[in-house]
Amino acid sequence: MKPIVELEEVRKVYRSGSSRREIEVRALDGVSLRIEDGEFVSIMGPSGSGKSTLLHVLGLLDRPTSGRYLLAGEDVTGLDDEAAARVRNRRIGFVFQAFFLMPRYSALKNVELPLVYRGLPEGERRLRAERALEEVGLAERMDHLPSELSGGQKQRVAIARALVQEPALLLADEPTGNLDTESGREILALFDRLHAEGKTLVVVTHEREIADRSRRILHVRDGRLVDDEVLG
Amino acid sequence: MRFSDNFKIALEALFAHPTRTLLSLLGVIIGVFAVTALISLGEMATYGIQHSLEQVAGRSVYIQPQFKPGVESVRFDADLVKVLRVLPVRPVPYVFSSATAEDRHGQLVSLDLVGTVGDLPALDASVALARGRFFGPREARQGLPVAVINAKAESALFGNGRGLGRELVLNTSGGSRLRVLVVGVVQPAGGFFGGFEGSRVTVPYKLLWGRIPWKKGRFDMIELKVEPGVDLKEVEKRAQRLLELRYGKDRISVQSVQAFQQALSGITLGLQALLGGIGALSLLVGGIGIMNIMLVSVTERTREIGLRKALGATSAQIRTQFMIEAVMLTVAGGLIGVVLAAAVLYAAVLAVPFFEAFILSPTTVALALGVSAAVGLFFGVWPASQAAGLDPIEALRYE
Ligand SMILES: Nc1ncnc2c1ncn2[C@@H]1O[C@H](COP(=O)(O)OP(=O)(O)O)[C@@H](O)[C@H]1O
Ligand SMILES: [Mg+2]
């Protein structure tokens, strides 16, 4: 199997406060990590342990202070803004806890959005977005605004928006955190299916029940990987 | 990213808050309205003034003796009038004087007293009778005591419409009293300059020659009415040469209305620059308004910008999006301003007789829209940079 993600001694340090009394937060403190193609990995840890920061680094939304990041064998550590945006657009799918849908866009237009920045013509965008929405079971809700959808449906639109990119890596930060148990189960079932289809998933959660669905749990504490637990 | 998608995104943003969009546009609308309306009003006024000038004195060359202290002025006599007929013109000689007369309440009224040849309306199209008749060539030559007064003199002396057939006693500048019979009333001169007309009494030139000793045998001015199809400049030159031969150099002034027109268009040009400046100032204020609303919009849409970046929008694409939004905003304002200006100009043409034609030149419209686009480009830079510079994670976390 070939690795999708290789992190080497990645650190992320936030500095804040005045120059005299500077406060340093080591959100990531030397993380080394390999994720193979097709893996379903969850990241667990207490609040403030660095889970989101790790996910942001993986998704090129944030840059490590030091260390190296290879994405599918390619060094993406020092990419400039333009190149990083391209990688985000073509290789990374992101799912957020708070969905982050455009409130005035229909489900379909929300799903099309990443393809707008890929420069695809409208017809093709539409076709692909429709297919992605069908995949998450929302074929009947394409023209609905986010305000007309339940929480679970919103999150499925967000997942369709990630899937439409056909990403090498699907990243989700507490995707069920804003959902009731039933809707959360729907999302997890969807992740199971995507994993079965061979997608690579990395899901941040602090609920053991959710992490148990994955095949491997990374335990994070104080910016460090403290345990790499492979499930049966 | 496709360019057309930029426009769609910008349109969505502008129509998301239609009222606010319109309000934020007010400054630009007023600015463009001002620039367009004022430039066009200037053009329309220039046209109106020039047209009025042509009505009053458009195709005439005026010759007068040059006045020099210590040198006796040349004498324009009846013979000169005959000589001037060799040119393709109709010469109309004038004697200018002034007089006073008592109105119906016994108050003294100042009058322009003018002596000229008979049948003036036939020579000068701008002279039109309201009532009665003009004295004829024979009455003029014989110096009979008849007079034609203008409407202003009539209302001052007798009351509106009550002058015809009345006797008028003039105290001439020669000190003599002159009794004349009012045989006609002329209409007020049209156009812009009609308003500047004084009370005027026109009598046969011979009458003045007989009553004012120092006017005897001389005219103060000869107006050369240029025949249609004849070049005014050419006539001016030929008249100049003819008069130099007769009287010598620098004794005569020969003028047409063209010199006056040039001076006038210089004045209106200055006026237009001033008015345009006022418009430019409102555009500046409008531009700052746009910048302000764009900054508000960037702040409000921080999360949207963060999301777009997370999904793969580059900083350059975000910058372009906001620049296009700013330019579309100001150009829309510009269009509204131009349409408003056109409406107001059109109303002005209908309401004010002085504005004879509706003028909104393509250059003015292009200038107005170009300037609005430039305002958007200039004042959009800062908000667009703010948007482009946002960090995606911080932007997504923004509440
Ligand atoms: N922009 C930032 N500036 C300063 N500190 C930050 C910033 N982002 C995160 N941190 C800090 O880094 C640590 C890890 O944060 P995060 O990755 O969000 O934790 P988690 O997602 O596990 O709750 C926390 O202590 C947090 O306060
Ligand atoms: Mg977190």
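Procedures and definitions
- Throughout, residues of each chain are indexed from 1 in the direction in which the sequence is written.
- Chain labels run from A onward and ligand labels from 1 onward, assigned in the order the entries are written.
- In keeping with the predicted nature of the model, local features appear solely for residues at pLDDT of at least 70, side-chain atom pairs appear and are counted solely at 80 or more, and the whole-chain, interface and lining totals rest on all residues.
- Excluded from the side-chain calculations are hydrogens and water; all other atoms, namely the structure's heavy atoms, are used.
- Two strands pair if DSSP finds at least two bridges between them.
- Each helix is a run of DSSP H or I of at least 4 residues and each strand a run of E of at least 2, with the numbering of both proceeding from the N terminus.
- Contacts were defined at the residue level, with two residues in contact if any of their heavy atoms lie within 4.5 Å.
- Axis lines are fitted through C-alpha atoms, for helices just across the contact stretch, and the angle between N-to-C directions can take any value from 0 to 180 degrees.
- Summed over both partners, the accessible area (1.4 Å probe) lost when two parts come together is defined as the buried area.
- Here a salt bridge means any side-chain nitrogen of Lys or Arg lying within 4 Å of a carboxyl oxygen belonging to Asp or Glu.
- Burial classes: relative accessible area under 20% of the type maximum marks a residue as buried, over 50% as exposed, and values in between as partly exposed (1.4 Å probe, protein chains only).
- Whether a residue is near a molecule or strand depends on its heavy atoms: if one lies within 4 Å, it is near.
- For this analysis, a polar contact is any N or O atom pair within 3.5 Å, provided that within protein one partner can donate a hydrogen and the other can accept it, and provided that sequence-adjacent residues contribute only side-chain to side-chain pairs.
- In the scheme used here, Gly and all other residues not listed as nonpolar or charged are polar, with Ala, Val, Leu, Ile, Met, Phe, Trp, Tyr, Cys and Pro taken as nonpolar and Asp, Glu, Lys and Arg as charged.
- Delimitation of the domains relies on an automatic or database domain assignment.

### A few points about the sheet that holds strand 2 (residues 23-36) of chain A
Residue and element names in this part refer to chain A.
So, point 1. The sheet built from four strands is open, its strands ordered 2-1-4-5 with antiparallel pairing. Looking along the sheet, the strands with just one partner apiece sit at the ends: strand 2 and strand 5 (74-75).
So, point 2. Sheet topology places strand 1 (residues 3-16) next to strand 4 (residues 66-71); five bridges connect them, and they run antiparallel. Residue Leu7 lies in a different strand from strand 4, and its bridge partner there is Tyr69.
So, point 3. Against the sheet, helix 1 (residues 51-58) engages strand 1, strand 2 and strand 4, with an angle of about 125 degrees to strand 1.

### A short note on the interface of chain B and chain A
So, point 1. At the interface, 23 residues of chain B touch 25 residues of chain A.
So, point 2. Interface of chain B and chain A: buried area, both sides summed, is about 2,300 Å²; carbon and sulfur atoms make up 58% of it.
So, point 3. Considering only the side of chain B, the residues that lose the most area to chain A are Leu307, Leu311 and Ile393 of chain B, jointly responsible for 26% of the buried surface there.
So, point 4. If you look at where chain B meets chain A, you find three salt bridges.

### Section: the sheet that holds strand 6 (residues 92-95) of chain A
Residue and element names in this part refer to chain A.
So, point 1. Here six strands make up an open sheet; going across it, the order is 6-7-8-3-9-10 and the pairing mixed. Unpaired on one side and paired on the other, strand 6 and strand 10 (224-230) mark the two borders of the sheet. On average, each strand axis in the sheet is inclined to that of its neighbour by 20 degrees, with strand direction left out of account.
So, point 2. Bridge count for strand 9 (residues 216-221) against strand 10 is six bridges, and the pairing is antiparallel. Within the sheet, the bridge partner assigned to Ile217 lies in strand 10 and is Glu229.
So, point 3. Packed onto the sheet, helix 2 (residues 81-91) meets strand 6 and strand 7 (169-173) and runs at close to 75 degrees relative to strand 6.

### Considering unusual backbone geometry
Excluding glycine, residues mostly carry a negative phi; peptide bonds, for their part, are mostly trans.
So, point 1. Here the phi dihedral of Ala72 of chain A falls at roughly 50 degrees; this positive angle occurs in a residue that is not glycine.
So, point 2. Positionally, Ala72 of chain A belongs in the loop between strand 4 and strand 5.
So, point 3. For Ala72 of chain A, a relative accessible area of 32% gives the class partly exposed.
So, point 4. For Asp250 of chain B, which is not a glycine, the phi torsion comes out positive at approximately 60 degrees.
So, point 5. Here Asp250 of chain B is to be found in the loop between helix 8 (232-247) and strand 10 (252-256).

### A look at the site of ligand 1
So, point 1. Around ligand 1 lies a shell formed by Tyr14, Val25, Ala27, Pro46, Ser47, Gly48, Ser49, Gly50, Lys51, Ser52 and Thr53 of chain A together with Arg397 of chain B.
So, point 2. Here an oxygen atom of ligand 1 sits 3.0 Å away from a polar atom, N or O, in the main chain of Gly50 of chain A.
So, point 3. When contributions to the shell around ligand 1 are tallied by element, the ones reaching two or more residues are strand 2 and helix 1 of chain A.
So, point 4. If one sorts the elements of the shell around ligand 1 by residue count, helix 1 of chain A sits on top with three residues.
So, point 5. Counted by class, the shell around ligand 1 contains four nonpolar, six polar and two charged residues.

### Comments concerning the domain arrangement of chain B
So, point 1. Domain annotation of chain B identifies domain 1 (3-53 + 262-397) and domain 2 (74-250).
So, point 2. Placing a centre on the C-alpha atoms of domain 1 of chain B and another on those of domain 2 of chain B gives a separation of 56 Å.

### Some details on the pairing of strand 3 (residues 108-116) of chain B
Residue and element names in this part refer to chain B.
So, point 1. In this structure, strand 2 (residues 89-102) lies alongside strand 3, joined through nine bridges in antiparallel fashion. Across the sheet, the residue bridging to Ser97 is Leu113, located in strand 3.
So, point 2. Between strand 2 and the antiparallel strand that follows it, strand 3, lie five residues; Gly106 among them carries a positive phi value of about 85 degrees.

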